[in-house]
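In case you want the letters, here they are:
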Amino acid sequence: MQEKTLVYDGSFEGFLSCVFYVFEYKLQQVTIQNQLTNQNRLFSENESIITDLEKSDRVWQGLKRKASTITSTKIYYAFLSEKENIENILLSYIQYIFNHQQKVDTDYTHPSVLKTSQVAKNVSREKHRMEAFVRFKLTKDTIYFANIEPDFNVLPLISKHFKNRYADQKWVIYDIKRNYGMYYNLQTLEFINMEFPKNFDFTKTDNNFFSDKEFHFQKLWKDYFDSTNIKERKNIKLHVRHVPKRYWKYLSEKQPDL
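These lines cover the structure that appears in this document, whether it is placed above or below. It should be emphasised that the depicted structure is a prediction, and the values quoted were computed from it without experimental measurement.

Cut-off values and rules
- Residues numbered from 1 in each chain as written.
- Predicted model: local features only at pLDDT ≥ 70, side-chain atom pairs only at ≥ 80, totals over all residues.
- Heavy atoms only, no water.
- Phe/Tyr/Trp six-rings, centres within 6.5 Å; stacked < 30°, edge-to-face > 60°.
- Helix = DSSP H or I, 4+ residues; strand = E, 2+ residues; numbered from the N terminus.
- Buried < 20%, exposed > 50% of the residue type's maximum accessible area, 1.4 Å probe, protein only.
- Lys NZ or Arg CZ within 6 Å of the ring centre and 35° of its normal.
- Pairing = 2+ DSSP bridges.
- Contact = heavy atoms within 4.5 Å.
- Polar contact = N/O pair within 3.5 Å; in protein donor to acceptor, adjacent residues only side chain to side chain.
- Axes fitted to C-alpha atoms, helices over the stretch in contact; angles between N-to-C directions.
- Parallel < 35°, antiparallel > 145°, perpendicular 65-115°, else oblique.
- Left-handed = near helix turned anticlockwise from the far one by under 90°.
- Nonpolar A, V, L, I, M, F, W, Y, C, P; charged D, E, K, R; others polar.
- Expected span 1.5 Å × (residues − 1).
- Arc of directions from axis to C-beta.

**Things to note about the packing of aromatic side chains**
Thinking step 1. Throughout the structure, instances matching the rule amount to 20 aromatic pairs.
Thinking step 2. Taking 5.7 Å as the distance between ring centres and 40° as the angle between the ring planes, the aromatic pair formed by Y180 and F191 counts as tilted. Remark: F191 occurs in strand β8 (residues 189-192) and Y180 occurs in strand β7 (residues 180-184); sequence separation between them is 11 residues.
Thinking step 3. Judged by relative accessible area, F191 falls into the exposed class, the value being 53%.
Thinking step 4. Here the aromatic residues Y8, F12, F15, W60, Y76 and F79 are joined through ring pairs into a cluster of three or more.
Thinking step 5. Directly above the aromatic system of F210 lies the positively charged group of K137, at a separation of 5.4 Å from the ring centroid.

Structure follows, in structure tokens:
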């Protein structure tokens, strides 16, 4: 039997639509691939799967009935990792859950169960770090802007936290690695795409775009950070463990004096 490759649009609903297709046609030799990273496989028949919200919801609701809320959360988190082959690990996990009468979603002897849990844990750690390390800058349009560059696609996971924390401010959090952002307009959250000047330096505060007040805010924050930092007790190894260096370039307290 020839292997079939199901190609989807990259969305979680698109992935679940592929899962529905696998069960509907009882496919045995199948691979799921994101169309953005699709690689033609030898001896494989490609088929594009159109995202169907009704079918994806049936899979998701069925999964919630067969497994715990923690499990469904882990599956979503693992999907957002964007790791190579993660779709097929999750497909194997979901098939394992649906193919058993008893609950098996915490059976860590199964490779897909263990791998999903491990990947989801890494995504969860990145989510919490982003919630701690995002730094907003006030623009000339009085919108607070923050750029992020996470290893995993955690923007959908952190938006609720910032909506609750900054409910009285308009803000944008933009993932420059994936070129999309989340905009809060005091009422709703929406996904956006933006165009920036060529070679725009996100590590700098450009006075063409940001308010004069922002430079004052940053100086106050840096002065506070420096005044509370006791040099004699500095433990770089411990500090880097809590604040990895890959985040430093976007933290105002780590920048040279203004």
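**So, the pairing of β7**
Thinking step 1. Counting buried residues in β7 gives 5 out of 5 residues, a clear majority hidden from the surface.
Thinking step 2. Residues Y180, M182 and Y184 point to one face of β7 and G181 and Y183 to the other, with burial holding for every one of them.
Thinking step 3. Taken together, the 5 bridges between strand β6 (residues 171-175) and β7 define a ladder with antiparallel strand orientation. Bridge pairing in β7 places D175 opposite Y180.

**Describing the sheet that holds β6**
Thinking step 1. As summarised here, the arrangement of the 5 strands in space is β4-β5-β6-β7-β8, forming an open sheet in which the pairing is mixed. The sheet is open, and its two borders are formed by β4 (137-138) and β8, each paired with just one other strand.
Thinking step 2. Relative to β6, strand β5 (residues 144-148) is paired through 5 bridges, and the arrangement is parallel. Looking at β6, one finds that Y144 is bridged to W171.

**Observations regarding unusual backbone geometry**
Thinking step 1. With a phi close to 70°, N85 is a non-glycine residue in the positive phi region.
Thinking step 2. Among the structural elements, N85 can be located in the loop between α3 (69-79) and α4 (86-98).

**Description of the environment of R178**
Thinking step 1. Along the chain, R178 turns up in the loop between β6 and β7.
Thinking step 2. In this structure the C-alpha to C-alpha distance between R178 and F152, which are 26 residues apart in sequence, comes to 9.7 Å.
Thinking step 3. Setting aside chain neighbours within four positions, we find R178 in contact with E82, P150, D151, F152 and N153.
Thinking step 4. Within the structure, R178 has its side chain in polar contact with the side chain of E82 (distance 3.0 Å).
Thinking step 5. Within the local environment of R178, its side chain forms a polar contact with the backbone oxygen of D151, the two atoms lying 2.8 Å apart.

**Points about the packing of α4 against helix α5 (residues 111-133)**
Thinking step 1. It is the contact of α4 with α5, at a shortest axis distance of 9 Å, that shows an interaxial angle of 125°. In terms of orientation, α4 and α5 fall into the oblique class. Seen from above, α4 lies across α5 with left-handed handedness. Touching I86, I89, L90, S92, Y93 and Y96 of α4 are S112, V113, K115, T116 and V119, all from α5.
Thinking step 2. For the contact of α4 with α5, the residue count by class is 7 nonpolar, 3 polar and 1 charged.

**So, the packing of helix α1 (residues 12-24) against helix α2 (residues 53-66)**
Thinking step 1. It is the contact of α1 with α2, at a shortest axis distance of 8 Å, that shows an interaxial angle of 75°. As far as their axial angle goes, α2 and α1 are roughly perpendicular. Here F12, E13, L16, S17, V19, F20 and E24 of α1 lie close against α2, whose contacting residues are L53, K55, S56, R58, V59 and W60.
Thinking step 2. Here the residues of the contact of α1 with α2 sort into 7 nonpolar, 2 polar and 4 charged.

**Digging into α2**
Thinking step 1. Compared with an ideal rise of 1.5 Å per residue, which puts 14 residues at 20 Å, α2 spans 20 Å between its outermost C-alpha atoms and is within 8% of the ideal.
Thinking step 2. Taken together, the buried positions of α2 are S56, V59, W60, G62 and L63. Buried residues along α2 cover an arc of 165° about the axis, so they all sit on one side. What points out from α2, more than 90 degrees from its buried face, is the exposed set L53, E54, R58 and R65.
Thinking step 3. Buried residues along α2 sit in contact with α1, α3 and α4.

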